[in-house]
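An overview of the molecular structure
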Protein chains: 2
Amino acid sequence: RGDFLYGRGISDDKGTLASRLAAVRALKAVNGRLPARIKFLVEGDEEIGSPGFEDFVAEHRELLAADACLWEGSGVTWEGQAVLPLGVKGLLYCELRCRGTARDVHSSWATVVPNAAWRLTWALATLKDQDENILVKGFYDDVRPPTKAERQAVKAMPDEAEDFAKSLAIDNFVLGLKGRKYRSRHYLDPTCNIDGLTSGYQGPGSKTILPAQASAKLDFRLVPDQDPHDIERKLRKHLDKHGFEDIEIVTFGAEHPARTGLDEEWVRVVRETLKDVYGQDPVIVPTMAGTGPMYPVVKMLGVPTADCGVGNPDSRIHAPNENIREQDYRTGIKAAAAVIDAFGRWRP
Amino acid sequence: RGDFLYGRGISDDKGTLASRLAAVRALKAVNGRLPARIKFLVEGDEEIGSPGFEDFVAEHRELLAADACLWEGSGVTWEGQAVLPLGVKGLLYCELRCRGTARDVHSSWATVVPNAAWRLTWALATLKDQDENILVKGFYDDVRPPTKAERQAVKAMPDEAEDFAKSLAIDNFVLGLKGRKYRSRHYLDPTCNIDGLTSGYQGPGSKTILPAQASAKLDFRLVPDQDPHDIERKLRKHLDKHGFEDIEIVTFGAEHPARTGLDEEWVRVVRETLKDVYGQDPVIVPTMAGTGPMYPVVKMLGVPTADCGVGNPDSRIHAPNENIREQDYRTGIKAAAAVIDAFGRWRP
């Protein structure tokens, strides 16, 4: 339709995969051969936290050995700059379950009967304060400070906060953050997020009960070098220390953060190639705010990553009308071919 | 079935009403006339907070004028003592609604986007601390201290805490309360209870979202002379003062507490009558932990109340298999007739 192609997963990330297959075919057609050996690593569980991926990588190190990796699924800005992400955040996703009494009771008993919803509320309030400080002891211990180059790259990224605030109908972001500080926090800081709360009566109007159970879904986005399993242990200790031994932690996902250094030669190669293809320096994103299974590649295999792709700022990934622009797809093929070619010259 | 009669509402409170109608009929049959003029005040909205009752009473003071009132719906202990309640708690039932963003967003934005569930959690945590102190400024200002007689009556009530704890499968009540202190808190103290929590994702497993909205159902049980409308104003002030101006309070119910004094002559009359009929002194309950529309009678009409009835400790009111014992029903008729007779002699 018009300049756009629509389709489920066309931006995240079938379009980018297709552009790379097309690039391989084009290189073979023009040159008769590829300038280097190419491996495609396709992992189908990214959206559910890649639960088996670390084990798979550990068992197949030789099969997966490589000099460099072109990561999946980035795109371009409306201004036509390529976006070059170098990292992802990690994730700990868990549910806190508080069980009080064997059954809900009449709320007149709030005088003496423990209320699971209150206990959950108090427990949650010990995890993060209103100034957004995460209070779990040792939570920030392993945070690797961003390098000067990473901080400068984040500073140089385009400012999209105002449009985003408008689309959310909010006047301010947390702590009134704007500009460089807003981006720095968004791309470089870990989080503690409540994804859901459930307890007691949720229907219309009133029902006077004291709920037997209460639960909260939580996710922590982690930055290098935080370890989701270590954070889970610290969360347990924190709850115990604050008198919430009875609150159960059920973990649904744990992924390590990862980041390729801006000083990697591979990053320089991709950056210069994208500058050639797109006509201007790409936007360097030292780390994305989202999560992906990059840690097994970067840390376990020791393979540096860089990223480019065919998405656009309104690709609506995971949403209805997911789309890419035909022009971005065509340029994406050229970019992938140029990166493969540059890789061949860099590592002949 | 056996010694029991079953039926929806048979204990709360058709059984008591029927026993009193039978008593009136019996007195007429035996004596040819009643010893005094009797009025029945039947109000059908008690279970939804009697929203129109105060206005009705204000408009019909003369019609409802009386020297004393035999309140609805008490019963007997397993040991066969009559239970004589003299008061009820009031209630403020409301919902706190926190709206953050125009829509849920991906949880990677927890870095900078305000989270409604966090704001609600923080707001709730300012309302009551883990030592069960209600922190709304001025909340306790109007609490009328119980009299010595009221405290002694609560002290003398039977101890049912252990059985109750067993049925709830809990080891301890709040603050480890037992015995006299447990009863004193249950019958004489106001509460702040979370009836329900709702926000974001509530399904199985994980979904990484930052919820746009969060809400909590709350009820406050109030004791004389707290005013539910005053408590609502104080709650609003409290939220504003703590930076939660954006959290809306939607009120679903407001009832005043009420209590007839133990020193009322009418209480003495009913107490002595019940002692005669049941063969032992009744259990005096200066105030019940639940709520009912007693305030318009006691405070607006100036009519002292006392209570007796046909329920038993396992009448299962509001639950399946609501029941009364046939024997309690028969004695209840005798008790009602004796109280009417005593009233006639007291106010001939």
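Residues numbered from 1 in each chain as written. Chains lettered and ligands numbered in written order. Predicted model: local features only at pLDDT ≥ 70, side-chain atom pairs only at ≥ 80, totals over all residues. Heavy atoms only, no water.

**So, the overall build of chain A**
Each helix and strand counted, chain A has 11 helices and 14 strands in total. Taking the principal axes of its C-alpha atoms as reference, chain A extends roughly 80 × 45 × 35 Å. Burial statistics for chain A: of 348 residues in total, 52% are counted as buried. On chain A, roughly 16100 Å² of surface is accessible, and the fraction owed to carbon and sulfur atoms is 49%. In chain A, 46 side chains carry a positive charge and 51 a negative one; their mean positions are 2 Å apart. (Helix = DSSP H or I, 4+ residues; strand = E, 2+ residues; numbered from the N terminus. Buried < 20%, exposed > 50% of the residue type's maximum accessible area, 1.4 Å probe, protein only. Areas by Shrake-Rupley, 256 points an atom, 1.4 Å probe, with all protein chains shown as cover. Lys, Arg positive; Asp, Glu negative; His and termini not counted. Charge placed at Lys NZ, Arg CZ, Asp CG, Glu CD.)

**With respect to a positive patch on the surface**
A cluster of basic residues, Lys137(A), Arg233(A), Lys237(A) and Lys241(A), forms a positive patch at the surface. For Arg233(A), the location among the structural elements is in helix α8 (residues 228–241). (Patch = residues over 30% accessible without salt bridge, like charges linked within 9 Å, V, L, I, M, F, W, Y side chains within 5 Å. Salt bridge = Lys/Arg side-chain N within 4 Å of Asp/Glu carboxyl O.)

**Thoughts on the interface of chain A and chain B**
Counting residues at the interface gives 72 residues for chain A and 72 residues for chain B. When the two sides are added together, the surface that chain A and chain B hide from each other amounts to roughly 5900 Å², 62% of it contributed by carbon and sulfur. On inspection of chain A and its partner chain B, the count reaches 0 salt bridges. Along the contact surface separating chain A from chain B lie 40 residue pairs in polar contact (both at pLDDT 80 or more). Among the secondary structure elements, those contributing two or more residues to the side of chain A that touches chain B are β5 (90–99), β6 (105–106), α4 (116–125), α6 (161–168), α7 (179–188), β7 (193–200), β8 (209–210) and β9 (213–222) of chain A. If one sorts the elements of the side of chain A that touches chain B by residue count, β7(A) sits on top with 8 residues. Both β7(A) and strand β7 (residues 193–200) of chain B contribute to a ladder of 5 bridges, which runs antiparallel. In the sheet register, Ser199(A) faces β7(B), and the bridge partner there is Leu197(B). (Contact = heavy atoms within 4.5 Å. Buried area = accessible area lost by both parts, 1.4 Å probe. Polar contact = N/O pair within 3.5 Å; in protein donor to acceptor, adjacent residues only side chain to side chain. Pairing = 2+ DSSP bridges.)

**What to know about the pairing of β9(A)**
All names here are of chain A. Taken across its 10 residues, β9 has 9 buried, putting it largely inside the fold. The sheet contact formed by β5 and β9 spans 10 bridges and is antiparallel. Of the residues in β9, the one forming a bridge with glutamate 95 is lysine 217. Examined bridge by bridge, β7 and β9 share 6 bridges and lie antiparallel to one another. Across the sheet, serine 199 pairs through a bridge with alanine 214, a residue of β9.

**Some points on the domain arrangement of chain A**
All names here are of chain A. For chain A, the assigned domains read domain 1 (4–89 + 258–346) and domain 2 (98–143 + 190–254). Computed over C-alpha atoms, the centres of domain 1 and domain 2 are 38 Å apart. Facing 6 residues of domain 1, the contacting portion of domain 2 comprises 4 residues. Between domain 1 and domain 2 the total buried area reaches about 500 Å² when both faces are included, carbon and sulfur atoms providing 52% of it. Joining domain 1 to domain 2, the criterion identifies 0 salt bridges. (Domains from an automatic or database assignment.)

**What about the relation of the copies chain A and chain B?**
Mapping chain A onto chain B leaves a residual RMSD of 0.1 Å; the transformation is a rotation of 180° accompanied by 0.0 Å of translation along its axis. The transformation relating the two chain copies, once decomposed into turn and shift, fits a two-fold axis. Mapped onto chain B, 100% of the interface residues of chain A are again interface residues, and the two copies thus contact each other with one and the same surface. (Least-squares fit on C-alpha atoms with pLDDT ≥ 70 in both.)

**Quick notes on a negative patch on the surface**
Residue and element names in this part refer to chain A. A cluster of acidic side chains, namely Glu79, Asp159, Glu160, Glu162 and Asp163, defines a negative patch on the protein surface. Inspection of the secondary structure puts aspartate 163 in helix α6. A relative accessible area of 59% means that aspartate 163 is categorised as exposed.

**A short note on the nonpolar core**
Counting 58 residues, the largest nonpolar core has Leu96(A), Leu124(A), Leu96(B), Leu124(B) and Phe220(B) as the members making the most contacts within it. Setting aside residues up to four positions removed in sequence, Leu124(B) forms contacts with Trp118(A), Thr121(A), Leu96(B), Ile194(B), Leu197(B), Ala216(B) and Leu218(B). (Core = buried A, V, L, I, M, F, W, Y, C linked by side-chain atoms within 4.5 Å.)

**With respect to the packing of helix α5 (residues 148–156) of chain B against helix α7 (residues 179–188) of chain B**
Residues and elements named next belong to chain B. Two elements in contact, α5 and α7, have axes separated by 9 Å at closest approach and are oriented at 120°. Viewed along their axes, α5 and α7 adopt a mutual orientation that is oblique. For the pair α5 and α7, the sense of crossing is right-handed. Together, Arg151, Val154 and Lys155 of α5 and Arg180, Arg183, Ser184, Tyr187 and Leu188 of α7 make up the contact between the two elements. Looking at side-chain class alone, the contact of α5 with α7 contains 3 nonpolar, 1 polar and 4 charged residues. (Axes fitted to C-alpha atoms, helices over the stretch in contact; angles between N-to-C directions. Parallel < 35°, antiparallel > 145°, perpendicular 65-115°, else oblique. Left-handed = near helix turned anticlockwise from the far one by under 90°. Nonpolar A, V, L, I, M, F, W, Y, C, P; charged D, E, K, R; others polar.)

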